[in-house]
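Spelled out, the chains give:
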Amino acid sequence: LQESRENYLRATDEERESLRKEFRNRFIERFVFSVNRLSEFQIRLGARLDKMTAEGLDTVEAKLKLSEAQVKLDLVKIKIENLKATLSAEYSDEERESKKEEVKNNVEEIKTGIKETYQKMKEVFSIMKGLVIKNSVEVETEIKSSN
């Protein structure tokens, strides 16, 4: 990090602009990567919930939490697009401070949205785990009572 900072300070104006764009792109790529991973996890959870529903388990609560996670994830995707637009827009030196504040707020909202989405998915997973345990206990009880 220190070396990157020193390289930036020694760079010419054109090189600095290039370094800024590169930093912005890597910054956004990290958010996109996180969102893609959460999307994949959500798809797998949805498929497993469908399978559990087909097995006769009550997955209504889990599906509701999963849909809440999907809404939060969609909002994060929109905020990422807004961040991309803000970072790619040209602005004057007078607007620099307001743009910094706008980007900072947007980044915090994205981070919070990712955390909330992940938390909702953890709740879905916990509910699913509880359903599986409950179902296995019921099956064991039925087997013991039939003997």
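Fair warning: this is a prediction, and the values are worked out from it, not measured in the lab. (Residues numbered from 1 in each chain as written. Predicted model: local features only at pLDDT ≥ 70, side-chain atom pairs only at ≥ 80, totals over all residues. Heavy atoms only, no water.)

Participant: Quick rundown of the overall build of the chain? Include the residues and the values.
Facilitator: Across its full length, the chain holds four helices and zero strands. When the elements of the chain are put in sequence order from the N terminus, they spell out α-α-α-α. Relative to a compact globule of 147 residues, whose C-alpha radius of gyration would be 15 Å, the chain shows 23 Å and is clearly more extended. Dimensions along the principal axes, computed over C-alpha positions, put the chain at roughly 85 × 30 × 20 Å. Burial statistics for the chain: of 147 residues in total, 25% are counted as buried. Partitioning the intrachain contacts of the chain with sequence separation of at least 6 by distance along the chain shows that 75% fall at a separation of at least 24. Of the roughly 10600 Å² that the chain leaves accessible, carbon and sulfur atoms contribute 53%. Side chains of the chain give 29 positive and 30 negative charges; the mean places of these two sets differ by 4 Å. (Helix = DSSP H or I, 4+ residues; strand = E, 2+ residues; numbered from the N terminus. Rg over C-alpha atoms; globule rule 2.2 N^0.38 Å. Buried < 20%, exposed > 50% of the residue type's maximum accessible area, 1.4 Å probe, protein only. Contact = heavy atoms within 4.5 Å. Areas by Shrake-Rupley, 256 points an atom, 1.4 Å probe, with all protein chains shown as cover. Lys, Arg positive; Asp, Glu negative; His and termini not counted. Charge placed at Lys NZ, Arg CZ, Asp CG, Glu CD.)

Participant: Could you give me a rundown of a nonpolar patch on the surface, with the residues and numbers involved?
Facilitator: Together, Val71, Leu75 and Ile78 line one region of the surface with nonpolar side chains, adding up to about 270 Å² of accessible area. Within the secondary structure layout, Ile78 lies in helix 3 (residues 60-88). (Patch = residues over 30% accessible without salt bridge, like charges linked within 9 Å, V, L, I, M, F, W, Y side chains within 5 Å. Salt bridge = Lys/Arg side-chain N within 4 Å of Asp/Glu carboxyl O.)

Participant: Pulling in residues and values, what's your account of the packing of aromatic side chains?
Facilitator: As enumerated under the stated definition, the model contains one aromatic pair in all. Judged by centre distance (5.4 Å) and plane angle (75 degrees), the ring pair of Phe27 and Phe31 falls under edge-to-face. Taken together, the residues span about one helical turn, with Phe27 and Phe31 both in helix 2 (residues 13-54) at a distance of four residues. (Phe/Tyr/Trp six-rings, centres within 6.5 Å; stacked < 30°, edge-to-face > 60°.)

Participant: Got a sec to walk through the environment of Asn105? Specific residues and values, please.
Facilitator: With respect to the helices and strands, Asn105 occurs in helix 4 (residues 96-146). Considered as a pair, Asn105 and Phe125 are 20 residues apart in the sequence and their alpha carbons are 30 Å apart.

Participant: Tell me about the side chain of Lys120, and name the residues and values.
Facilitator: As for its position among the elements, Lys120 is in helix 4. Judged by its relative accessible area of 17%, Lys120 falls in the buried class. Apart from residues no more than four positions distant in its own chain, Lys120 is found in contact with Lys65, Glu68, Ala69 and Lys72.

Participant: Please set out the nonpolar core residue by residue, giving values where relevant.
Facilitator: Ranked by internal contacts, the top residues of the largest apolar core, which has 25 residues, are Phe31, Leu49, Ile80, Leu83, Ile110, Ile114 and Val124. Examining the composition of this core, we find that nine residues originate from one element, helix 4, more than from any other. (Core = buried A, V, L, I, M, F, W, Y, C linked by side-chain atoms within 4.5 Å.)

Participant: So what about the pattern of salt bridges? Which residues, and what values?
Facilitator: On inspection of all chains with the given rule, the structure shows 10 salt bridges. Linking Glu22 and Arg26 is a salt bridge whose minimum nitrogen-to-oxygen distance equals 4.0 Å. Of this pair, Glu22 and Arg26 both sit in helix 2, four residues apart, which is roughly one turn of that helix. Assessed through its relative accessible area of 42%, Glu22 is described here as partly exposed.

Participant: Please set out the environment of Ala89 residue by residue, giving values where relevant.
Facilitator: Tracing the chain through its elements places Ala89 in the loop between helix 3 and helix 4. Classification of Ala89 as partly exposed rests on a relative accessible area of 31%. Expressed as a C-alpha distance, the spacing of Ala89 and Lys99, which sit 10 residues apart in the sequence, is 9.8 Å.

Participant: Which residues make up helix 2, and what values do they have?
Facilitator: For helix 2, which comprises 42 residues, the first-to-last C-alpha distance of 62 Å matches the rise-based estimate of 62 Å (1.5 Å per residue) to within 8%. For helix 2, every residue scored as buried is listed here: Arg24, Ile28, Phe31, Val35, Leu38, Ser39, Gln42, Leu45, Gly46, Leu49 and Met52. Just downstream of helix 2, Gly56 is the residue with a positive phi angle, here 95 degrees. (Expected span 1.5 Å × (residues − 1).)

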